[in-house]
There are 2 protein chains.
Amino acid sequence: MPDIEDELAKQLWAIGDITRLRILRLLPDKADCEHGNNVSKIAEELNLSQPTISHHLRVLRQAGIVQHEKMCRDCFYWVDRDAARAVIERMEKLLLESEPVTKA
Amino acid sequence: MPDIEDELAKQLWAIGDITRLRILRLLPDKADCEHGNNVSKIAEELNLSQPTISHHLRVLRQAGIVQHEKMCRDCFYWVDRDAARAVIERMEKLLLESEPVTKA
DNA sequence: TTTAAATATTTAAATTCATCTATACGTTTG
DNA sequence: CAAACGTATAGATGAATTTAAATATTTAAA
């Protein structure tokens, strides 16, 4: 069964990449046409190809870290705050609450 | 220069592996002879070879997530709580505090 | 010192990942 | 309808990672 631990590992792995970390830093609070941070702009900002950024956004999307929507002709991504909070909470449980599991 | 962002990515990457996540779950609060969770015991618990666990512990050590010390003939590892808190704090800054960086 | 036990390191093989180029798909605009 | 723009997908390649096996190193006990 796909443990909850597997999901956490997947999410942390998704965030634990320097390119994806930089992408996350560029993403706005909420879908936002004004600033125009579409996929191509992010690619230009990070000096990587558009398909590469698209690939990384897909990884983040499949990990449930970001959401996206088509607006004003382009595609906009933003951080899913609820998912982010959940990840952080699980990390706190794992790293800060010790549970010395001694079997039987 | 090795950015602080690089370090965070490295740390999250280190934690974002299912085997290392399970290792972390087994580690005690502090170096602890009593429970006897040495490297070989962890290997047995997770059904992996001792060198494999040693390798993963090294990754976690180099990322500054765990500490280790030789005690009572064996080698004991534990989670570095301060480092863990620092990682969580940086994650909160990255994911929950939006900073729409618009250059110029 | 010899023996045994625990951990670290090295080596090698298989897998996985990041990235690019090329291309296809879907919208918007003329 | 056709051209242009933005995004996603596919295929390929080089690099990095995981893992086990073998070996070396360290430590404790006899």
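Basis of the calculations
Residues numbered from 1 in each chain as written. Chains lettered and ligands numbered in written order. Predicted model: local features only at pLDDT ≥ 70, side-chain atom pairs only at ≥ 80, totals over all residues. Heavy atoms only, no water. Near = heavy atom within 4 Å. Polar contact = N/O pair within 3.5 Å; in protein donor to acceptor, adjacent residues only side chain to side chain. Helix = DSSP H or I, 4+ residues; strand = E, 2+ residues; numbered from the N terminus. Phe/Tyr/Trp six-rings, centres within 6.5 Å; stacked < 30°, edge-to-face > 60°. Lys NZ or Arg CZ within 6 Å of the ring centre and 35° of its normal. Core = buried A, V, L, I, M, F, W, Y, C linked by side-chain atoms within 4.5 Å. Buried < 20%, exposed > 50% of the residue type's maximum accessible area, 1.4 Å probe, protein only. Contact = heavy atoms within 4.5 Å. 1 Å grid on protein atoms, 1.4 Å probe; cavity = no way out; pocket = protein on both sides within 12 Å on 5 of 7 lines; lining within 4 Å. Points joined across faces, edges and corners; volume = space filled by probe spheres on them. Nonpolar A, V, L, I, M, F, W, Y, C, P; charged D, E, K, R; others polar.

Engineer: With reference to specific residues and values, describe the protein's contact with DNA strand C.
Structural biologist: Close to DNA strand C lie 22 residues, the nearest being Thr-52 and His-56 of chain A together with Ser-40, Arg-58 and Tyr-77 of chain B. Close to the protein, within 4 Å, the atoms of DNA strand C are drawn from sugar and phosphate at a rate of 72%. Arg-20 of chain A is positioned such that a nitrogen or oxygen atom in its side chain is 3.0 Å from a phosphate oxygen of DNA strand C. Here a phosphate oxygen of DNA strand C and a side-chain polar atom of Arg-58 of chain B are 2.6 Å apart. Contributions of two or more residues to the surface near DNA strand C are made by α2 (18-26) and α4 (50-62) of chain A together with α3 (39-46), α4 (50-62) and β2 (74-79) of chain B.

Engineer: Go over the packing of aromatic side chains with me, naming the residues and quoting the values.
Structural biologist: Two aromatic rings are characterised by how far apart their centres lie and by the angle between their planes. All told, the structure shown has zero aromatic pairs over all chains when counted by the stated rule. Between the NZ or CZ atom of Arg-20 of chain A and the centre of the ring of Trp-13 of chain A, over which it lies, the distance is 4.6 Å.

Engineer: How would you explain the nonpolar core if you had to name every residue and give the values?
Structural biologist: The nonpolar side chains of a soluble globular protein tend to be buried, and buried together. Ranked by size, the top nonpolar core spans 58 residues in total, and within it Leu-24 of chain A together with Leu-24 of chain B carry the most contacts. Those residues in contact with Leu-24 of chain B, other than ones at most four positions away along the chain, are Leu-94 and Leu-95 of chain A together with Ile-15, Leu-60, Ile-65, Val-66 and Val-79 of chain B.

Engineer: Pulling in residues and values, what's your account of the layout of surface pockets?
Structural biologist: All names here are of chain B. Put simply, the largest pocket is a space of about 260 Å³. Contributing to the lining of the largest pocket are eleven residues, with Ile-4, Leu-8, Arg-90, Lys-93 and Leu-94 lying nearest its centre. Ranked by residue count, the leading element in the lining of the largest pocket is helix α5 (residues 81-96), at five residues. A class-by-class count of the residues in the lining of the largest pocket yields four nonpolar, no polar and seven charged.

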